[in-house]
Amino acid sequence: MKTQFRGSYANISLSRTPSNKLIIKKIFGRIIKIKNKKDALLLIQLHRGFQEKAKKLRIPVVSSQISFINDDYNKSTAYVEKQLFVHNNLTTVLLSEKNPEQVSKLVNEYLKMFQKTWESGFAISLDPYIGNFGMYNKKVVYFDFFPPRQLLPNGSFFDWPEPPKESRAFILARHFSPEQSLIIYAQLLRVLSKNKILKTTYIKDLIRKFLGNQAFSYIDFSERDYIKILKNVQLYDAYLLRIIAGELCYRNLLTHDEVKYIFRITHIPATNALPKKEDLKKAGTILLERLD
Ligand SMILES: Nc1ncnc2c1ncn2[C@@H]1O[C@H](COP(=O)(O)OP(=O)(O)OP(=O)(O)O)[C@@H](O)[C@H]1O
Ligand SMILES: [Mg+2]
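These numbers were taken from a predicted model, which means no experiment stands behind them.

Sorry if this is basic, but what is going on with the side chain of Ser167 here?
Locating Ser167 in the fold gives a position in helix H4 (residues 165-176). Taking the relative accessible area as the measure of exposure, Ser167 reaches 1% and is therefore buried. Leaving out residues up to four positions away in the same chain, Ser167 has contacts with Asn272 and Leu274.

Right under this line is the structure:
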């Protein structure tokens, strides 16, 4: 049996081994080209390094094997990662769980992982999108190791592809600074605003508990802040718009489908380019109208 997924960076396929185990295969270097063999070998080294650092930080991750593909036929430079298939994606689990204590326990485990990366000075950086996490042996595990965002020996932070100059500072702050709390809160709201099992104040307090006051200060907005942001949307406001959408859904001023629509038009692509200004403005207008 062969099922195909499409990630932002990898061609993904699911297959069953002779011993009937489900394995996921991710091929990197085809959706976004890897320039040459040297770059591919560097990415493989950083990809393996990411997993070792995650294990050292005791962050629960799935095991995976990585190998280079010498693909003369396609004259391209690509490599493959094989991972155990994690049956229960955290998005699906959170959308079906009705017990507040259980939802809270899962969000605690998720935030605990970010606490460890933050306390390590971002030795590695996890991608907060809830779809990158799953349940394995009743525990939350992480399985998206690409791009292998991490601190390099020379003190600089690694992201791939290299962010364009004009958005470099924004892209790096989003993955390697307390501003990551904006992405974490937005991704939690994206899922939890559907059933509203946990209140937004409770979620924000959890973020303060695990990630600290500065993280909390980035995500705590008043109605007045909303209007100021929505009346003058800037290029870097994608995550502010996403958080406002999630919180307005909690107040039944937006449906969950509309939240998903706002997330779609404020998406930052895998190329690290910024969303289009007109899309951000459109999102701002929709949200402002709901506040009237
Ligand atoms: N080991 C795994 N077990 C179960 N599902 C997986 C696994 N790895 C990936 N997936 C599924 O495939 C999707 C894409 O995989 P991955 O996150 O590695 O790629 P990506 O390029 O980051 O894509 P995305 O932006 O969708 O997260 C995940 O969101 C998840 O739904
Ligand atoms: Mg992913």
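Next comes the rest of the write-up.
Would you mind going over the site of ligand 1 with me for this structure?
Not every one of the 17 residues close to ligand 1 is listed here, only the nearest: Ser8, Lys26, Gln83, Val86 and Asp144. Tyr9 places a main-chain nitrogen or oxygen 3.0 Å from an oxygen atom of ligand 1. Between ligand 1 and Asn132, the relevant distance is 2.9 Å, taken from an oxygen atom to a side-chain nitrogen or oxygen of the residue. In isolation ligand 1 offers 580 Å² of accessible surface; the protein chains occlude 85% of this area. In this structure the site holding ligand 1 corresponds to the largest pocket.

So what exactly am I meant to see when it comes to the pairing of strand E2 (residues 10-16) here?
Walk down a regular strand and you will see the side chains alternate between the two sheet faces. Where E2 lies against strand E3 (residues 22-28), seven bridges are found, and the strand directions are antiparallel. In the sheet register, Leu14 faces E3, and the bridge partner there is Ile24. The hairpin formed by E2 and E3 contains five residues between the paired strands, and Asn20 there has a positive phi angle of roughly 65°.

Quick question: what am I supposed to make of unusual backbone geometry here?
For residues besides glycine, phi is generally negative; the peptide bonds are generally trans as well. Backbone torsion omega between Phe146 and Pro147 reads -5°, so that peptide bond is classified as cis. Turning to its location among the elements, Pro147 is positioned in the loop between strand E8 (139-142) and strand E9 (150-151). Between Trp160 and the following residue, Pro161, the backbone shows a cis peptide bond with an omega angle of -10°. Positionally, Pro161 belongs in the loop between strand E10 (157-158) and H4. You will see that Arg58, though not glycine, has its phi angle at about 55°, which is positive. Along the chain, the position of Arg58 falls in the loop between helix H1 (37-56) and strand E4 (64-71).

Mind showing me how you'd approach the nonpolar core here?
Among soluble globular proteins, nonpolar side chains are generally buried collectively. Of all hydrophobic cores here, the largest spans 76 residues; its most connected members are Leu111, Leu188 and Ile207. The element best represented in this core is helix H9 (residues 238-250), accounting for 10 residues. The residues contacting Leu111, other than those within four sequence positions of it, are Ile184, Leu188, Leu206, Ile207, Phe210 and Leu211.

Help me understand empty space enclosed by the protein, please; the structure alone is not making it clear to me.
To find the voids left in a structure, one rolls a probe of water-molecule size over its atoms. Enumeration according to the criterion identifies one cavity of 30 Å³ or more in this entry. Quantified by volume, the largest cavity comes out at close to 30 Å³. Split by residue class, the lining of the largest cavity holds five nonpolar, one polar and three charged.

Can you walk me through helix H11 (residues 277-291) in this structure?
In an α-helix, one turn spans 3.6 residues; hence positions three or four apart end up facing the same way. Between the first and last C-alpha of H11 there are 21 Å, a value that for 15 residues agrees with the 21 Å anticipated at 1.5 Å per step. Burial in H11 covers these residues: Asp279, Leu280, Ala283, Gly284, Ile286, Leu287, Leu288 and Leu291. As for H11, its buried residues are in contact with helix H8 (223-231), H9 and helix H10 (256-265).

Would you mind showing me how to read the packing of H8 against H9 here?
When two helices pack together, you describe them by how their axes are tilted relative to each other and by the distance separating the axes. One can describe the packing of H8 onto H9 by two numbers: an axis separation of 11 Å at closest approach and a directional angle of 130°. Compared by their axis directions, H8 and H9 come out oblique. The two elements H8 and H9 cross, and the hand of that crossing is left-handed. Facing Tyr226, Ile229 and Leu230 of H8, the residues of H9 in contact are Leu240, Leu241, Ile244, Glu247 and Leu248. Split into classes, the residues belonging to the contact of H8 with H9 amount to seven nonpolar, no polar and one charged.

Definitions and cut-offs
Residues numbered from 1 in each chain as written. Chains lettered and ligands numbered in written order. Predicted model: local features only at pLDDT ≥ 70, side-chain atom pairs only at ≥ 80, totals over all residues. Heavy atoms only, no water. Helix = DSSP H or I, 4+ residues; strand = E, 2+ residues; numbered from the N terminus. Buried < 20%, exposed > 50% of the residue type's maximum accessible area, 1.4 Å probe, protein only. Contact = heavy atoms within 4.5 Å. Near = heavy atom within 4 Å. Polar contact = N/O pair within 3.5 Å; in protein donor to acceptor, adjacent residues only side chain to side chain. Areas by Shrake-Rupley, 256 points an atom, 1.4 Å probe, with all protein chains shown as cover. 1 Å grid on protein atoms, 1.4 Å probe; cavity = no way out; pocket = protein on both sides within 12 Å on 5 of 7 lines; lining within 4 Å. Sits in = over half its atoms within 2 Å of the grid points. Pairing = 2+ DSSP bridges. Core = buried A, V, L, I, M, F, W, Y, C linked by side-chain atoms within 4.5 Å. Points joined across faces, edges and corners; volume = space filled by probe spheres on them. Nonpolar A, V, L, I, M, F, W, Y, C, P; charged D, E, K, R; others polar. Expected span 1.5 Å × (residues − 1). Axes fitted to C-alpha atoms, helices over the stretch in contact; angles between N-to-C directions. Parallel < 35°, antiparallel > 145°, perpendicular 65-115°, else oblique. Left-handed = near helix turned anticlockwise from the far one by under 90°.

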